[in-house]
Amino acid sequence: MKKGDHLFLVDGSAYIFRAYHALPPLTRKSDGLPIGAVSGFCNMLWKLLRNARDTEMGITPTHFAVIFDYSSKTFRNDLYDEYKANRSAPPDDLVPQFGLIREATRAFDVACIEQEGFEADDIIATYCRLACEAGGDTTVISSDKDLMQLVGPTVGMYDPMKDKEIGVDEVIEKFGVPPEKMIDLQALTGDSIDNVPGVPGIGPKTAAQLLEEFGDLDTLLAKADTIKQKKRRENLIEHADNARLSRELVTLRDDVDLELPLDALTLDELDGPKLIGFLKAMQFTSLTRRVAEQTEADAASIEAAEVPVEWEEARGPDLDPGEGPSKDDVLPGSSADGMTPQAFAESRAAEIRDIAFDHEKYETVGNIQHLREWIAEARERGHVAFDTETDSLDPMQATLCGFSLAVEPGRACYVPLCHREGEGDLLGASSLSDGQIPEKEALDALRDLLADPACLKIGQNIKFDMLVTARYGLPLVNFDDTMLISYVIEAGRTAGNQGGHGMDPLADRWLGHKPIPYKEVCGSGKSAITFDRVPIDKATHYAAEDADITLRLWLAMKPRLVAEGVVSVYERLERPLVPVIAKMEEAGVSIDRQILSRLSGEFGQQAAGIEAEIYEMAGESFNIGSPKQLGDILFGRMGLPGGSKTKTGQWSTSARVLEDLAAEGHPLPRRIVDWRQLTKLKSTYTDALPGYIHPETRRVHTSYQMAATTTGRLSSSEPNLQNIPIRTSEGRKIRTAFIAEPGNVLISADYSQIELRILAHIADIPQLRQAFADGIDIHAMTASEMFGVPVEGMPSEVRRRAKAINFGIIYGISAFGLANQLSIERGEAGEYIKRYFERFPGIRDYMDSTKAFAREHGYVETLFGRRAYYPDIRSSNHSVRAFNERAAINAPIQGSAADIIRRAMIRMDGVLEEAKLDAKMLLQVHDELIFELPKDQADAAIPLIQEVMENAAMPAVDMAVPLQVDAQAASNWDEAH
DNA sequence: GGATACAATTA
DNA sequence: CTAATTGTATCCA
């Protein structure tokens, strides 16, 4: 190696894990071999090497190697035997990919390096040092912070997934310290993934600040006693040794005795046919094609290589028979001929991922002719991505600032409508910016596009855009929603990261692209501006990018619906519900301010009285709302026996614990429970709800999230109208404030025991089926089966226990949970469960087979084919696994019920309309629908609503158990329910 | 101001 | 023991 040479070092092991989690899971079409990470790896290597051969741009490596960890045990374990002890075994579908990635490296004719006893990072550090000494430059292909300590004048890093170079400045930007201080920073923060201890309570921000102040770790530890913050000071002093140990653990060794010298890493000419053989074996069609083009090899004449792989499973995809793609699922430019849907979806996703973003190419549309051209092109093509920009996240309040369109990847525009400039605080002082089409003219043109049934509008969370455009008098027909497509294909796969199905995480996962952050355009906090204040050129970059991303996501994801056999879930349970829910949100519900205000006063007074009693009993005043202070009083000063502890080691003051104390004769805990209940009712409901009354409609418009839960349920927020109190008489009063307009009534229609009925159907339990067919009290029946007590004259306590068990079954019962619920010993709860399974062995069979299915496939299905993914069900951690098993048992039951009410909601409008009823569906509360309609139509509507709901599973599923719906009309929600 | 913990509410 | 959202307290930047 000599001056001017450039060494590329790929951190192979880190890449594998990152690619596995970040990229959509791919499988080889012929046998289901998982190859997602391999695919990402090959695409990355190809990109790096292709750039390498293009001397016009980028850096040209002369030396190249991929480095892997050899085994998990290294010299660091001798320093600290807990090192990396938190690492769980790699997922089953990643294991075969380790070998494949090494094969891929060889197919690319690149050095593949691993050495026993050392981590890839140490080998990388050593090569870096050698290259530097020889006068060459190095680029480390990784984004691992552990490697950032190597960055310097001749060493850079490159994050292949974010296409981002990391130099000295980037390290400082990200961590607030220069690379040479990264070791000290990591020593302080530790690393929970690698189980490096660090100092508790110190995160990257604090660490950077401390190092800035003290210079380095040793100085810091020596002067730790001068630190002001108490906790921080104590932790630094107490854990100083851990910090020193951590420093040793995170310091990379650059003196590894290398098996392969630096000069052996020279980059050879690519062997096209060899690489193509491998890619063909993996069935990477689009990369094969590109490599063939580049190397001028004849791909057709090259046979797929034999690639050794340890993989026993050979399962095909589970396509629902007879459920083909519908007409509008035939995608533009489709080259699916001769390909399986799976292979097509894969190659499409890979194709889309490779198209670069260029914000400069987006157009701003400032005259009507230009807009008409865009709309004509969209209608010509038959599909267009559409996104509105507004000044509010609330679609019922939002003012339209502009909209964007995208017709093909990279080709997108923004149409500003009412951007303003100048001071806004004085009336009329701001003025409309130049270069905007008059709003009415632009909207009239847009109407032709949105109302055109022959042109598919593609949105991300299109319910929002639908509500906004509806308020401007524009109907939106024929649409797709990328958020819902994502929800159908990977509910639960993506839990954790924000939103899961929001634009940012989707763009990251499917396109490897980070959109312009909203904060960068509009600022945040106090200095935030509304979108109409954003300069138009800046707005175009942001808004057109959103439409561009939406279009790309649609292109990349939609074929997956077919590939995974879930088209009907999307087309029958998700998409048609969008306009239904939009209408419900738009309708809103009427709330009586006066009732709430009166209740607020009552609750406030009662709470104040109880507060005084509490201080009296406690002998001092304190903040009752602080669990910490309350715990100190109850279990410290007053010396009451503590029950359980919370996960942070505090004494629990949950209602459960307090009620147990009350039962032992202590008067104070009871009052605490009462106080909490009243303050909850006041703050969350009677005080907060009036604030949600819309200034113009005078009604409350909740927002339903269609892609928020793993099971298929909706959720409601701002305000949440799915948790309005009902259990206690005090809470119930709040429901009287939900009223019908004068002359109208509310109808509440709810499914009776729908989840138990679904369980009886799915698990096929004869006694349960019979009981539901006969209309018997199901909990009493369970009690009599289990305890041999006749239903007649059964003590209520016996029935209560049976009821808790029935619920427990639906929740994937555990002795711990049941014991907690019933305040009994775990052993006794275990006995109950045992006895239950003896009487209903079919339930145990259902649970076992559901668990087995989930473990094998990674997901479970509802009666209607909706999937809920539980990737952690294979966790080696017992409690994580058990939790996922319970969730997997519950999901088909809860999810099937959710699917049934969705079907009812989708059909409801048409049925009511046909019957000439002016009923409006207002709310959904999981198993209940609320309608508002003229008083004199209630008698006609009730049986119709019941019929639609009771038959909602038909004809897709013919339930072995009848569904029963109870419905009543009244002037408020309390009486209707 | 943002993140986290805990407790409340619902089906 | 399943699935959610919201409000208050608390800690830290």
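Residues numbered from 1 in each chain as written. Chains lettered and ligands numbered in written order. Predicted model: local features only at pLDDT ≥ 70, side-chain atom pairs only at ≥ 80, totals over all residues. Heavy atoms only, no water.

As annotated in an unreviewed UniProt entry, chain A is DNA polymerase I from Notoacmeibacter marinus. In its Subunit (unreviewed entry) section, the UniProt record describing chain A reads: "Single-chain monomer with multiple functions." Chain A has a UniProt comment under Function (unreviewed entry) that states "In addition to polymerase activity, this DNA polymerase exhibits 3'-5' and 5'-3' exonuclease activity." (UniProt positions renumbered as here; feature names shortened; annotations may be inferred.)

S.K.: Which residues make up the overall build of chain A, and what are the values?
M.R.: On a plain count of helices and strands, chain A comes out with 38 helices and 25 strands. Computed over C-alpha atoms, the radius of gyration of chain A comes to 32 Å, within 12% of the 30 Å expected from 2.2 N^0.38 for 977 residues, which places it in the range of a compact globule. Considering only contacts in chain A between residues 6 or more positions apart, those separated by 24 or more positions represent 68%. When the accessible surface of chain A is totalled, it reaches about 43300 Å², and 49% of it is carbon and sulfur. Across chain A, the centroid of the 105 positively charged side chains sits 4 Å from that of the 153 negatively charged ones. (Helix = DSSP H or I, 4+ residues; strand = E, 2+ residues; numbered from the N terminus. Rg over C-alpha atoms; globule rule 2.2 N^0.38 Å. Contact = heavy atoms within 4.5 Å. Areas by Shrake-Rupley, 256 points an atom, 1.4 Å probe, with all protein chains shown as cover. Lys, Arg positive; Asp, Glu negative; His and termini not counted. Charge placed at Lys NZ, Arg CZ, Asp CG, Glu CD.)

S.K.: Break down the protein's contact with DNA strand B for me, citing the residues and quoting the values.
M.R.: Around DNA strand B sit 22 residues in total, of which T646, T648, T653, I726 and R727 are the nearest. Within 4 Å of the protein, the contacting atoms of DNA strand B are drawn from sugar and phosphate to the extent of 87%. Within the side chain of R727, one N or O atom sits 2.4 Å away from a phosphate oxygen of DNA strand B. Contact distances for DNA strand B include 2.8 Å between a sugar or linking oxygen and a side-chain N or O atom of D927. Take the surface near DNA strand B: its biggest share by element is four residues, from helix α27 (residues 667-686). Of the residues belonging to the surface near DNA strand B, the class tally is seven nonpolar, nine polar and six charged. (Near = heavy atom within 4 Å. Polar contact = N/O pair within 3.5 Å; in protein donor to acceptor, adjacent residues only side chain to side chain. Nonpolar A, V, L, I, M, F, W, Y, C, P; charged D, E, K, R; others polar.)

S.K.: Which residues make up the nonpolar core, and what values go with them?
M.R.: One finds L371, I734, Y751, I843, I900 and M905 to be the most contacted residues of the largest nonpolar core, which totals 187 residues. Once residues lying within four places of it in the same chain are set aside, the contact partners of I900 are Y751, I754, I758, F864, A952, A953, M959 and L963. Membership of the second largest hydrophobic core comes to 51 residues, among which are M1, I166, L210 and L217. (Core = buried A, V, L, I, M, F, W, Y, C linked by side-chain atoms within 4.5 Å. Buried < 20%, exposed > 50% of the residue type's maximum accessible area, 1.4 Å probe, protein only.)

S.K.: Give a detailed account of the side chain of E389, specifying residues and quantitative values.
M.R.: With respect to the helices and strands, the residue E389 is situated in strand β8 (residues 383-390). For the buried E389, no salt bridge exists, and the shortest N-O distance to an oppositely charged side chain is 13 Å, to K538. (Salt bridge = Lys/Arg side-chain N within 4 Å of Asp/Glu carboxyl O.)

S.K.: Kindly report on the UniProt feature "domain: DNA-directed DNA polymerase family A palm" (unreviewed entry) in chain A, identifying the contributing residues and their values.
M.R.: UniProt records the feature "domain: DNA-directed DNA polymerase family A palm" (unreviewed entry) for residues 731-937 in the present numbering. Helix makes up 60% of residues 731-937 and strand 14%, with an end-to-end C-alpha separation of 30 Å.

S.K.: Outline the packing of helix α29 (residues 754-763) against helix α30 (residues 766-774), supporting the account with residue identities and numerical values.
M.R.: At a minimum axis separation of 8 Å, α29 and α30 run at an interaxial angle of 130 degrees. Viewed along their axes, α29 and α30 adopt a mutual orientation that is oblique. Between α29 and α30 lies a crossing of left-handed hand. From α29, L756, R757 and A760 reach across to α30, where they touch L768, R769 and F772. Tallied by class, the residues present in the contact of α29 with α30 amount to four nonpolar, no polar and two charged. (Axes fitted to C-alpha atoms, helices over the stretch in contact; angles between N-to-C directions. Parallel < 35°, antiparallel > 145°, perpendicular 65-115°, else oblique. Left-handed = near helix turned anticlockwise from the far one by under 90°.)

S.K.: Outline the side chain of S486, supporting the account with residue identities and numerical values.
M.R.: On the secondary structure map, S486 appears in helix α18 (residues 482-490). Classification of S486 by relative accessible area gives buried; the value is 0%. Not counting chain neighbours up to four residues away, the residues in contact with S486 comprise A491, H501, L506, R509 and M557.

S.K.: Now, about the packing of helix α24 (residues 593-618) against α27: what can you tell me, with residues and values included?
M.R.: Across the interface, α24 lies against α27 with an axial gap of 9 Å and an inter-helix angle of 155 degrees. Between α24 and α27, the angle falls in the class roughly antiparallel. Of the two possible hands of crossing, α24 and α27 adopt the one that is left-handed. Considering only residue class, the contact of α24 with α27 consists of 14 nonpolar, five polar and five charged.

S.K.: Could you give me a rundown of the protein's contact with DNA strand C, with the residues and numbers involved?
M.R.: The environment of DNA strand C is made up of 35 residues, and the closest members are T206, R232, S626, E718 and F816. A share of 78% of the atoms of DNA strand C within 4 Å of the protein falls on sugar and phosphate groups. Interatomic distance of 2.7 Å between a backbone N/O atom of E718 and a phosphate oxygen of DNA strand C. R886 is positioned such that a nitrogen or oxygen atom in its side chain is 3.0 Å from a phosphate oxygen of DNA strand C.

S.K.: Would you mind going over empty space enclosed by the protein in detail, with residue names and values included?
M.R.: Left-over empty space is what a probe sized like a water molecule reveals as it rolls over the atoms. Considering all chains together, one arrives at two cavities of 30 Å³ or more under this definition. There is about 110 Å³ of room inside the largest cavity. If you go around the largest cavity, you meet 14 residues; those closest to its centre are Y83, D146, D194, L249 and V250. Split into classes, the residues belonging to the lining of the largest cavity amount to five nonpolar, two polar and seven charged. Around the second largest cavity, the lining residues are M584, E585, G588, V589, V700, H701, T702, L721, L922 and L923. Elements supplying a minimum of two residues to the lining of the second largest cavity: α23 (577-587) and β23 (920-924). (1 Å grid on protein atoms, 1.4 Å probe; cavity = no way out; pocket = protein on both sides within 12 Å on 5 of 7 lines; lining within 4 Å. Points joined across faces, edges and corners; volume = space filled by probe spheres on them.)

S.K.: Would you mind going over the environment of R874 in detail, with residue names and values included?
M.R.: Inspection of the secondary structure assignment puts R874 in the loop between β22 (867-869) and α36 (878-914). Assessed through its relative accessible area of 32%, R874 is described here as partly exposed. When the C-alpha atoms of R874 and R855 are compared, they prove to be 6.2 Å apart, with 19 residues separating the residues in sequence. The residues contacting R874, other than those within four sequence positions of it, are D92, R855, E856, H857 and G858. A polar side-chain atom of R874 sits 2.9 Å from the main-chain carbonyl oxygen of E856.

S.K.: Break down the pairing of strand β2 (residues 63-67) for me, citing the residues and quoting the values.
M.R.: With five of five residues buried, β2 is to be regarded as a mostly interior element. Side-chain alternation along β2 places H63, A65 and I67 on one buried face and F64 and V66 on a second face that is also buried. Of the pairings in the sheet, the one linking strand β1 (residues 6-11) to β2 comprises five bridges and is parallel in character. Residue pairing for β2: V10 is matched across the bridge by V66. Bridge count for β2 against strand β3 (residues 111-113) is three bridges, and the pairing is parallel. Paired with A65 across the strands is A111, a residue of β3. (Pairing = 2+ DSSP bridges.)

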